[in-house]
Amino acid sequence: VNNYSRMSFNFGPTLLSWMEYNDPATYASILEADRESMDRFSGHGSAIAQCYNHIIMPLAGTIEKRMQVKWGIRDFEYRFARKPEGMWLPEAAVDLETLDIMSENGILFTILSPYQARRVRKISGGHWHEIRDALVDTERAYKCVLPSGRSIAVFFYNRNIAQEVAFGTMLDDGVKFAETLAGAFRGSKETGFVNIATDGETYGHHHRYGEMALSYALYHIEKNNLAEITVYGEYLETHPPEYEVEVWENSSWSCGHGVERWRSDCGCRIGSGEGWIQDWRAPLRGVMDWLSDNLTMLYNDRISFYTDDPVRARELYINVILERDPEIVDNFIRKITGRELPAEDKVNVLKLLEMQRNAMLMYTSCGWFFDEISGLESVQVMLYAARAMQLAREISGLELEDTFLKLLTRAPSNYFAYENGADVYMKLVKPVMIDPVRFGAHYAVSSLFRDYMDEDEVYCYCVSRRSFERLETGKQKLAVGMIHIRSRITLEEDEVSFAVL
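Please read all numbers here as calculations on a predicted model, not as lab measurements.

Calculation notes
- Sequence order as written defines the numbering, with residues in each chain counted from 1.
- Predicted model: local features are reported for residues with pLDDT of at least 70 only, side-chain atom pairs are reported and counted for 80 or more only, and whole-chain, interface and lining totals are derived from all residues.
- Water and hydrogen atoms play no part in the side-chain values, which are based on all heavy atoms of the structure.
- Each residue is placed in one exposure class: buried if its accessible area under a 1.4 Å probe, protein chains only, is under 20% of its type's maximum, exposed if it is over 50%, and partly exposed if it falls in between.
- Working definition: helices are DSSP H or I runs of at least four residues, strands are E runs of at least two. Numbering for both runs from the N terminus.
- Residues count as neighbours in contact if any of their non-hydrogen atoms are within 4.5 Å of one another.
- Stacked, tilted and edge-to-face are the three classes applied to pairs of Phe, Tyr and Trp rings, where Trp contributes its six-membered ring and a pair requires centres within 6.5 Å; stacked means planes under 30 degrees apart, edge-to-face means over 60, and tilted covers the rest.
- Working rule: Lys NZ or Arg CZ, within 6 Å of ring centre, within 35 degrees of ring normal, means a charge sits over the ring.
- As used here, the term nonpolar core means buried Ala, Val, Leu, Ile, Met, Phe, Trp, Tyr and Cys residues forming a set that is joined through side-chain atoms within 4.5 Å.
- Put simply, the grid is 1 Å and covers the protein atoms alone, a cavity is a trapped set of points that fit a 1.4 Å probe, a pocket is an open set with protein on both sides within 12 Å along at least five of seven lines, and lining residues have an atom within 4 Å of a point.
- Grid points are joined across faces, edges and corners, and a volume is the space filled by probe spheres set on the points.

Side note on helix 18 (residues 436–446)
Alright, step 1. Within helix 18, the full set of buried residues consists of Pro436, Phe439, Gly440, Tyr443, Ala444 and Ser446.
Alright, step 2. The inward-facing, buried residues of helix 18 abut strand 9 (455–458), strand 10 (461–473), strand 11 (476–487) and strand 12 (493–500).

Listed below in structure tokens is the structure:
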């Protein structure tokens, strides 16, 4: 049973890009689910888009917000072969500028927590009604009028049921789940709309067999005609908003303090260690902001040699990320520069854009969500920062890492093995950074045990063997060779000679 064909869902583009190559069968099933759902729900697909790499949108600048929305839409179109109707905001973190940019780009709706509704009134006019204790009617769509005069529809999910699904025992019993959903209507079933929003990992990861309970709940509702199953897009078409809403700006579904969880020690945590504090969050965001400003200045300065529209170049770069085919890369460079470039300049352009891509990735929200700066999520955003600084150094000779480390000393660690963020960086980030020589060493060692072809692809490198010989004597192996390597991402080329025993 393909659950996704019968409910609204979203996947992050970065997760789908991994799944496309590492679990192609599941990836194909997800795309098929959307096609099936269009037949089921009057031409409305069940898939909705997401901002590109799960950053907290209210904390981003205008250019980054536009990039996140445009890249998220383009990635969705590439995979699902249609335009998205809705878009999920990472952590449901919302502000009016972000909603306006979404509406400007054709997004019709989003989903928020009932705690994010500020006040409502009839579209036809009348007094505003303040919303207290999240007591907004979640059984209808609302129109949110934006500063530009545009508007977007907003759905608020049923928080009580969503909480029981995520943190209670609802997924122990598919029948109970179904009857709870069907019994939640406060108004007419003809016009009412019961909806919940939960993390995907709830079903099967947090709750073993939860995906089976979900599947049976949907089956039970349909078999017993308890209610009609629909998706947001279809419901919005048949039941356009009659009420207008104002939302609380700089609010989210997972932080009671707005969006402070991603920039301060607000008290929100998962409770990993007794007495742990999150004083590291503000310095980590501060150092990322400092780095982002410096990278943006470098990008704008250097890309001006090739194009007079640096923002458009970044927006179009998503097409290269999706398909790193040589012809697509060449067409992209011609489109943004208006001319043919020599190989060295192509490398520079791609490095500049890749630097800016990593500068966006280093704001991925999970880097701040958890309790400790040495956790894998915080380390991952520092890895993106390290790559961006590495590219900046290769492009211009600009050395940013020393200052970056000094600023990171202000981010204290709770774990005894690390003094602060700089210590975490030196022990967990610096040792795994890759350059052509390090890749050559990897190739050399692995060539003792693996039979590479003369022309091969290893991770993001194309490798051509110029010469190679492997000798075995007893328990000893010796490999000697020379390889030519080319990055499929930046097109940078290098040669490495090696001997490994």
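A look at the packing of aromatic side chains
Alright, step 1. If you walk through the whole model with that rule in mind, you get 30 aromatic pairs.
Alright, step 2. Connected via pairs of aromatic rings, a cluster forms that spans Tyr4, Phe9, Phe11, Phe76 and Phe80.
Alright, step 3. The side chain of Arg261 reaches across the aromatic face of Phe369, ending 3.6 Å from its centre.
Alright, step 4. Geometry around Trp368 places Arg285 over its ring, the cationic atom sitting 4.6 Å from the centre.

So, the nonpolar core
Alright, step 1. The biggest cluster of nonpolar side chains holds 120 residues, and the ones touching the most others in it are Met288, Met355 and Tyr425.
Alright, step 2. It is helix 15 (residues 376–396) that provides the largest number of residues to this core, a total of 10 residues.
Alright, step 3. Counting 18 residues, the second-largest nonpolar core is a separate cluster that includes Val165, Ala178, Tyr203 and Leu218.

Focus on empty space enclosed by the protein
Alright, step 1. Per the counting criterion, the structure on display carries three cavities of 30 Å³ or more.
Alright, step 2. Of the volumes computed, that of the largest cavity is approximately 80 Å³.
Alright, step 3. Among the secondary structure elements, those contributing two or more residues to the lining of the largest cavity are helix 1 (13–22), strand 1 (49–50) and helix 3 (62–80).
Alright, step 4. Considering every element that reaches the lining of the largest cavity, the biggest residue donor is helix 3, with four residues.

Read these as geometric descriptors, not functional statements.
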